[in-house]
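Residue-level structural notes
Here are the chains, one letter per residue:
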Amino acid sequence: MTNPLIQAYRKPALYIPLPSGGRFYKNPPKLSIDNELAVYAMTARDELITKTPDALFNGEATVSLIRSCCPDIVDPDSLPVGDLLVILVGIRQASYGTSIDMDVKCPKCDEDNQLTLDANVLLSKTVTTPTDQDVTLPSDFKIVCNPYTLRDRTLLQVQQIKQQKMIQGLGDAALDDTERQDLFGKTFVEIAELTVALITNSITSVQGKDTDVIDDKDTIREWLQTISKKDYDIIKAKVEELSESGLETEFNASCQACEHTWKTSVDLDIANFFEG
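Let me sum up the structure you'll find in this document. Within every chain, residues take consecutive numbers counted from 1 along the sequence as written. With pLDDT at 70 or above as the cut-off, local features in this predicted model cover only qualifying residues; side-chain atom pairs require 80 or more to be listed or tallied, and sums for whole chains, interfaces and linings still use all residues. With hydrogens and water set aside, each side-chain value is computed from the structure's full complement of heavy atoms.

1. Concerning helix 4 (residues 60-69)
The buried fraction of helix 4 is high, at eight of ten residues. Buried, partly exposed and exposed residues are distinguished by accessible area as a fraction of the type maximum, computed with a 1.4 Å probe on protein chains only: under 20%, between the cut-offs, and over 50%, respectively. Helix and strand definitions here come from DSSP, where helices need a minimum of 4 consecutive H or I residues and strands a minimum of 2 consecutive E residues; each element is numbered from the N-terminal end. Looking at helix 4, one finds that the buried residues are Ala-61, Thr-62, Val-63, Ser-64, Leu-65, Ile-66, Ser-68 and Cys-69.

Structure representation (structure tokens):
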């Protein structure tokens with residue numbers, strides 16, 4: 001039963017266009033008549049979650065935030081990653097206003113500068129996800145792909161952090177050369193296996209020149225492990241093309257100290273820009 005107090009109090013703060021247009025979701029989100037997603041401001045609980053290290057590390061904070069501020073997305077884990085930054089900027093604007101202050105260091109004199117971004121401008125330049133999901137290999141195999149999901153992104157980030165910790169641990173004096181080599185090899189095998197698993201998850205179907213359309217994940221995974229690197233890279237490139245962020249993250253910056261101008265990439269992520 002819907003709480004009438006919540007229903008009366010909490011209203012959408014703005015509506016945003018999704019780069020995907022609502023495609024690729026396991027359960028398509030409810031969009032407005034203008035094909036836009038309703039975004040609500042963060043609650044006090046949401047703000048606390050964005051500052052919880054464990055929740056940030058395992059992705060729970062992002063999922064919880066989207067579930068609270070974009071309730072029309074039923075399963076945030078399945079959202080295509082190209083929509084993620086657009087949604088986070090929408091939540092940021094709904095909660096704190098249009099100005100987003102970011103710290104950037106001048107590459108010429110090392111002076112710290114503050115770059116102010118306008119969320120309205122960012123959202124007005126949303127790039128639509130490509131509509132063509134098909135890629136054909138030189139062997140005439142046709143593959144239909146989807147972008148990576150938020151769940152895929154989280155799994156990869158967690159594995160990469162583990163890999164970084166492993167590399168740092170290689171300097172442990174208690175490990176001999178054999179143990180270091182074994183640890184190094186094990187970690188990179190895990191990364192390779194995870195990458196294949198993520199590509200498998202992003203393939204909807206495969207059809208060979210003389211085969212039926214295959215959509216069974218186990219069959220696709222087994223096939224992926226036998227194809228050439230060249231063909232694998234073609235498929236991976238298509239998945240990554242579909243997964244590109246729908247938000248421009250490169251901006252012009254100017255140093256207040258030495259007046260140097262340069263282009264800088266800004267990391268718009270839940271861990272560093274939900275600070276009010």
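2. Let's talk about the packing of helix 4 against helix 5 (residues 84-96)
Relative placement of two packed helices is described by the angle separating their axes and the distance separating the axes. With their axes 11 Å apart at the nearest point, helix 4 and helix 5 run at an angle of 60° to one another. By the angle between their directions, the pair helix 4 and helix 5 is classed as oblique. As helix 4 runs across helix 5, the sense of the crossing is left-handed. Residues Thr-62, Leu-65, Ile-66 and Cys-69 of helix 4 form the contact with helix 5, whose own contacting residues are Leu-84, Ile-87, Leu-88 and Ile-91. Three residue categories are used. Nonpolar comprises Ala, Val, Leu, Ile, Met, Phe, Trp, Tyr, Cys and Pro, charged comprises Asp, Glu, Lys and Arg, and polar comprises the others, including Gly. The residue makeup of the contact of helix 4 with helix 5, split by class, is seven nonpolar, one polar and no charged. As a rule, the C-alpha atoms of each element are fitted with a line to give its axis, helices using only the stretch in contact, and angles between N-to-C directions run from 0 to 180 degrees. Small angles under 35 degrees read as roughly parallel and large ones over 145 as roughly antiparallel, with 65 to 115 read as roughly perpendicular and the rest as oblique. Should the near helix be turned anticlockwise from the far one by less than a right angle, the crossing is termed left-handed; should it be turned clockwise, right-handed. The criterion used for residue contact is that any of the two residues' heavy atoms lie within 4.5 Å.

3. Let's talk about the environment of Asp-103
Examined against the element boundaries, Asp-103 turns out to sit in strand 3 (residues 99-105). The exposure class assigned to Asp-103 is exposed, which follows from its relative accessible area of 67%. Through-space distance from the C-alpha of Asp-103 to that of Val-266 is 9.0 Å; in sequence the pair is 163 residues apart. Excluding its chain neighbours within four sequence positions, the residues that come into contact with Asp-103 are Asn-113 and Gln-114.

4. Description of the packing of aromatic side chains
Geometry of aromatic contacts follows a simple scheme: Phe, Tyr and Trp rings, the Trp one being its six-membered ring, pair when their centres are within 6.5 Å, and the pair is stacked under 30 degrees between planes, edge-to-face over 60, tilted otherwise. Per the stated rule, a full pass over the model turns up one aromatic pair. Centroid distance Phe-141 to Trp-223: 5.6 Å. Interplanar angle 15°. Geometry classified as stacked. A residue pair is termed long-range when its members are at least 10 positions apart, and Phe-141 in the loop between strand 5 (134-136) and strand 6 (142-145) and Trp-223 in helix 9 (residues 217-224) qualify at 82 residues.

5. With respect to the sheet that holds strand 5
The sheet built from four strands is open, its strands ordered 5-6-7-8 with antiparallel pairing. In the strand order of this sheet, the two ends are held by strand 5 and strand 8 (213-214), each with one partner. Strand pairing is assigned whenever DSSP detects at least two bridges linking the two strands. In the sheet, strand 5 pairs with strand 6 via three bridges, with the strands oriented antiparallel. Residue pairing in the sheet places Asp-134 in a bridge with Val-144 of strand 6. Sitting on the sheet, helix 9 is in contact with strand 6, strand 7 (203-207) and strand 8, with an inclination near 70° to strand 7.

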